[in-house]
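Observations on chain architecture
Spelled out from the first residue to the last, the chains are:
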Amino acid sequence: MTTEALVGTIGIRPVIPGDAAALARAYARNREHLAPWEPLRPESWFTERGQEENVARLVGERAAGRALAWVLLDDDSVVGSMTVSGIVRGPFLSGNLGYWVDGAVTGRGVATAAVAHVLAACAQEGLHRVQAGTLVHNTASQKVLRRNGFDRIGLAPRYLLIAGRWQDHVLFQRLLGAE
Ligand SMILES: CC(C)(COP(=O)(O)OP(=O)(O)OC[C@H]1O[C@@H](n2cnc3c(N)ncnc32)[C@H](O)[C@@H]1OP(=O)(O)O)[C@@H](O)C(=O)NCCC(=O)NCCS
């Protein structure tokens, strides 16, 4: 599968089962960096076996048309991921975007470029809308979304169980299709 260049030596391509070991290493390396922004993870999440299960789920969801998922790569290392999950068709044609970037490569425009790539793929899939939610104080992520044309649509109280607490999120949407 081809990797498309994003920033410097970092590229993006759809996730494949063979990424499990590199993903486990990336999550282990970024455990502290990601902990405030993610659900609590079981120990198995940081193992190759756990990531095999995670990738198998993502690949299954992709085959069913309910998700799209990518890894960000720097050579053989995984340095982030992008996921559009919960894709609903019919008159909604919408999905939820989530992402993270390795703490060692943040602040270089990697997430901004990767989200642009993901939006182009979502448009190609025929989606009408992509939604993303950030913690209220996640200014870096809000900047990434705004730079990609997302609009704030509101505040959802106690929206997601992040770091063990039901936390408020700012919701954003990006419309893709024609009027
Ligand atoms: C949010 C995240 C994906 C951003 O990745 P990134 O590759 O650094 O993003 P970019 O470089 O494209 O843009 C981030 C911008 O936010 C800025 N920024 C970073 N930390 C910031 C902070 N604490 N306050 C304000 N701005 C901040 C960066 O300087 C950059 O802006 P600039 O280009 O004008 O300097 C990354 O920090 C991350 O993975 N965080 C933990 C997980 C997470 O929050 N995921 C998103 C959940 S909604």
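Structural notes, computed from the coordinates.

Parameters at a glance
- Residues numbered from 1 in each chain as written.
- Predicted model: local features only at pLDDT ≥ 70, side-chain atom pairs only at ≥ 80, totals over all residues.
- Heavy atoms only, no water.
- Helix = DSSP H or I, 4+ residues; strand = E, 2+ residues; numbered from the N terminus.
- Rg over C-alpha atoms; globule rule 2.2 N^0.38 Å.
- Buried < 20%, exposed > 50% of the residue type's maximum accessible area, 1.4 Å probe, protein only.
- Areas by Shrake-Rupley, 256 points an atom, 1.4 Å probe, with all protein chains shown as cover.
- Near = heavy atom within 4 Å.
- Polar contact = N/O pair within 3.5 Å; in protein donor to acceptor, adjacent residues only side chain to side chain.
- Nonpolar A, V, L, I, M, F, W, Y, C, P; charged D, E, K, R; others polar.

Re the overall build of the chain
Across its full length, the chain holds five helices and eight strands. Counting helices and strands in the order they occur from the N terminus, the chain gives β-β-α-α-α-β-β-β-α-β-α-β-β. For the chain, whose C-alpha radius of gyration is 16 Å, the value lies close to the compact-globule estimate of 16 Å for 179 residues. Principal-axis analysis of the C-alpha atoms gives the chain an extent of 40 × 35 × 30 Å. When the 179 residues of the chain are sorted by exposure, 44% land in the buried category. Total accessible area on the chain stands at roughly 9,400 Å², and carbon and sulfur atoms take up 54% of it.

Brief notes about the site of the ligand
Near the ligand there are 22 residues, and of these Val 101, Gly 107, Gly 109, Thr 112 and Asn 138 occur at the shortest range. Thr 112 is positioned such that a nitrogen or oxygen atom in its side chain is 2.5 Å from an oxygen atom of the ligand. Protein contacts shield 71% of the accessible area of the ligand, which totals 940 Å² for the unbound molecule. Per-element tally for the shell around the ligand: the top contributor is helix α5 (residues 139-147), with six residues. When its residues are assigned to classes, the shell around the ligand shows nine nonpolar, 10 polar and three charged.

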